[in-house]
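Below, each chain spelled out in residue letters.
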Amino acid sequence: EDFALGELQFWYLHTLMESTGVLEALRRNRPADAKCVDCSADRPEWASVTNGVFLCLTCSGRHRGLGVHISFVRSVTMDAWKPEQLRAMELGGNELFQHMLQENGLLGSSLHQRYSATAAAEYRAALQAAVKQPDMLVQSSMPSLPSPGCARQA
């Protein structure tokens, strides 16, 4: 019984360290991810997996109010992440999401309007489809995203 608990604790700590490393690398290598996608606060410690974006603590609370079908929020440092959640963050990112908002005239909209918009729902669906197909880029299934020069591959 104690042995099984020890294995579970080891697995959790290993998974936590691995996911934190991946997310830290994304924030280091993609300047837009080093700030909250909604308010531009430095060093966001939270993320919306469904939208593939990084958030500050305050904005993460606002996202929780949107509902998990719109924004499923995880801590960058305190939660263990599933591989498909990490893949969503790799394929997404703040820059890509902000570009989608800009292309659809949503940058000046309220938080609820931005994330509840049809364009945002289509973005989330395309991101989740890309997660399930390892070689697929998010842009290939979304008509108004950045040019291939902005494409992300893991």
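Presented here is an overview of the structure given in this document. All values derive from a computational prediction rather than experimental measurement.

Analysis parameters
Residues numbered from 1 in each chain as written. Predicted model: local features only at pLDDT ≥ 70, side-chain atom pairs only at ≥ 80, totals over all residues. Heavy atoms only, no water. Buried < 20%, exposed > 50% of the residue type's maximum accessible area, 1.4 Å probe, protein only. Helix = DSSP H or I, 4+ residues; strand = E, 2+ residues; numbered from the N terminus. Salt bridge = Lys/Arg side-chain N within 4 Å of Asp/Glu carboxyl O. Core = buried A, V, L, I, M, F, W, Y, C linked by side-chain atoms within 4.5 Å. Contact = heavy atoms within 4.5 Å. Disulfide = S-S within 2.5 Å. Axes fitted to C-alpha atoms, helices over the stretch in contact; angles between N-to-C directions. Parallel < 35°, antiparallel > 145°, perpendicular 65-115°, else oblique. Left-handed = near helix turned anticlockwise from the far one by under 90°. Nonpolar A, V, L, I, M, F, W, Y, C, P; charged D, E, K, R; others polar.

1. What about helix α3 (residues 83-91)?
In step 1: When α3 is considered as a whole, its buried residues turn out to be Q85, L86, R87, A88, M89 and L91.
In step 2: Positive phi shows up at G93, right after α3, with a value of about 115 degrees.

2. Description of the pattern of salt bridges
In step 1: Going through the model one piece at a time under the given rule, you end up with 8 salt bridges.
In step 2: Salt-bridge contacts for E45 lead to R43; the nearest nitrogen and oxygen are separated by 3.6 Å.
In step 3: Of the charged contacts, one joins R87 and E90 as a salt bridge, the two residues approaching to 4.0 Å between their closest N and O atoms. Residue R87 and its partner E90 are both found in helix α3; the two are separated by 3 residues, about one turn of the helix.
In step 4: The network of salt bridges with common partners includes E24, R27, R43 and E45.

3. Regarding the nonpolar core
In step 1: Among the nonpolar cores identified, the biggest contains 35 residues, and L23, L55, F97 and Y115 are the most heavily contacted of them.
In step 2: Elements that contribute at least two residues to this core include exactly α1 (2-29), β1 (46-48), β2 (53-55), α3, α4 (94-103), α5 (111-116) and α6 (118-132).
In step 3: For this core, the element with the highest residue contribution is α6, accounting for 6 residues.
In step 4: With sequence-adjacent residues up to four places away left out, L55 is seen in contact with C36, V37, D38, P44, E45, W46, A47, S48, S60, H63 and V73.

4. As for the state of the cysteines
In step 1: Tallying each qualifying case throughout the model produces 0 disulfides.
In step 2: Looking at the unpaired C36, the closest cysteine sulfur is the one in C59, lying at 3.7 Å.
In step 3: The cysteine C39 is free of any disulfide, with C56 supplying the nearest cysteine sulfur at 3.6 Å.

5. Looking at the packing of α3 against α6
In step 1: Orientation of α3 relative to α6, taken along the N-to-C sense of each, is 120 degrees, at an axis distance of 9 Å. With respect to their mutual orientation, α3 and α6 come out oblique. With respect to the hand of their crossing, α3 and α6 are arranged in right-handed fashion. Along the contact surface, α3 presents E84, R87, A88 and L91, while α6 presents L127, Q128, A130 and V131.
In step 2: When the residues that make up the contact of α3 with α6 are grouped by side-chain class, the tally is 5 nonpolar, 1 polar and 2 charged.

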